[in-house]
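Observations on the three-dimensional arrangement
Spelled out from the first residue to the last, the chains are:
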Amino acid sequence: MGRAIVNGLTAAGTAKSPLLDKQFSRELDDMVKLAESQPITPREKKHVEAVSLFSKGELNKATFVWEEILLDHPTDMLALKFAHDAYFYLGQARQMRDSVAAVMPSWNATIPLYGYLHGQLAFGLCETDHWREAEKYARKGLELIPRDGWATHALAHVMEMQGRPREGVAFLSNTIDDWTTCKWIACHNFWHWALYHIEQGEHAAALDIYDSEIGKRANSGQMLDIVDACSMLFRLELEGVKVGQERWDDVVEIVRPHVDDHLLVFNDSHFLMAFNGGKKKSYSDQLLESLRNFVANSEGAQRKRQQDGLPLLESLAAYAEGRYADAVDLINPHRYDIEKFGGSNAQRDVFDQFLIHAAMKSDKPIHSKLARSLLTQRKAYKPESTLTDRLTARMMAQHGD
């Protein structure tokens, strides 16, 4: 099981591709061979099978195996957490919620790790827009384990989605000594903190958090930290903030080794944000060419996901080249498909903002109407969003009534 745990954590981190990292590939092969030759339990064999499937890009199949484990062993936290992560990468919010909800009755406070279930369920509830219930479970999780960074993260999401940025800043600042002990999610919680400032138009404060925390933590090697850095700079630039070449150059150097990974469309799209922001067109072209070659020469579920993601990346490239109408035409027909590329609602909101900006900058009259429609939809979903109000005012100034 030790190998399954280590390899599973490595695969779930999405920073290493077994197709490119030969050492990781050998470790996965050794794990499978040992499982076949050793007298281990059926449950352990299923864990090995699921990790192997996940590492090959067969995330859906991996979740089926982890769910089989949970049917017989509902308190298997490893199966639950790995399934939770896989659902997250697949953009399957209902499954992420229901997987935890299904096993909750089998747990109680005497079982180790019980407190952590509440943060997991809270996140699934938040991602399916059950914000009141999500907050209840997140706060219960923090009552049981104040240093649970994931429960903190779930509550930060609730406050983001409900348009409570000032409360979010106060919450994260007042509990910083608790959640920064959780290194894996700390950078992402700082990202949420900066997001609250962007929502309020406090760009200097967001950039301060980037410089003091997010940008530095992007060197950790953790993919979540890397995409947070890419996203934060891109969002600030969409807001009209010139973040400077030096910041982009730092991120580009972190991203460059991953140009051929193609593990998740979500990751690839953020790499392209960095290359575009850093004005490294040759790197952007390399990423797109590499992705097209991957789609042409690969097979299985991972290939299909990357193929479906091509229009998104081509749209980002068109925007960077000033071809705003092309950017809109490439991504708008697929905008409701983006959730299947993974990430949270808050993370994927960058693509909604991107489409709005592209539509506002396009020279096609129909696209200005699209921008207005998108902003109206956004206001209905998040009526308290001051960022939406700013975008609407900008759109009206540019295009009038």
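Above this text you will find the structure in question.
Residues numbered from 1 in each chain as written. Predicted model: local features only at pLDDT ≥ 70, side-chain atom pairs only at ≥ 80, totals over all residues. Heavy atoms only, no water.

For the rest of this paragraph, the subject is the pattern of salt bridges. Counted according to the given criterion, the structure contains 26 salt bridges. With its nearest N and O atoms 3.1 Å apart, the salt bridge here joins K136 to E133. On the criterion of helical spacing, the pair formed by K136 and E133 is a turn pair, its members being three residues apart in helix 8 (residues 131-144). You can call K136 partly exposed: its relative accessible area is 46%. For E135, the salt bridge is made with R164, and the minimal N-O distance between the two is 2.9 Å. Taken together, the residues span a long stretch of sequence, with E135 in helix 8 and R164 in the loop between helix 9 (149-161) and helix 10 (165-174) at a distance of 29 residues. Overall, R164 belongs to the buried group, its relative accessible area being 17%. Beyond isolated ion pairs, a larger network of salt bridges with shared partners links K281, D285, E321, R323 and D326. (Salt bridge = Lys/Arg side-chain N within 4 Å of Asp/Glu carboxyl O. Helix = DSSP H or I, 4+ residues; strand = E, 2+ residues; numbered from the N terminus. Buried < 20%, exposed > 50% of the residue type's maximum accessible area, 1.4 Å probe, protein only.)

Before going further, it helps to spend a moment on unusual backbone geometry. Here the phi dihedral of D129 falls at roughly 70°; this positive angle occurs in a residue that is not glycine. Checked against the element boundaries, D129 lands in the loop between helix 7 (116-127) and helix 8. One non-glycine residue, K279, adopts positive backbone phi at about 55°. For K279, the location among the structural elements is in the loop between helix 16 (265-277) and helix 17 (281-297). Owing to a relative accessible area of 65%, K279 belongs among the exposed residues under this scheme.

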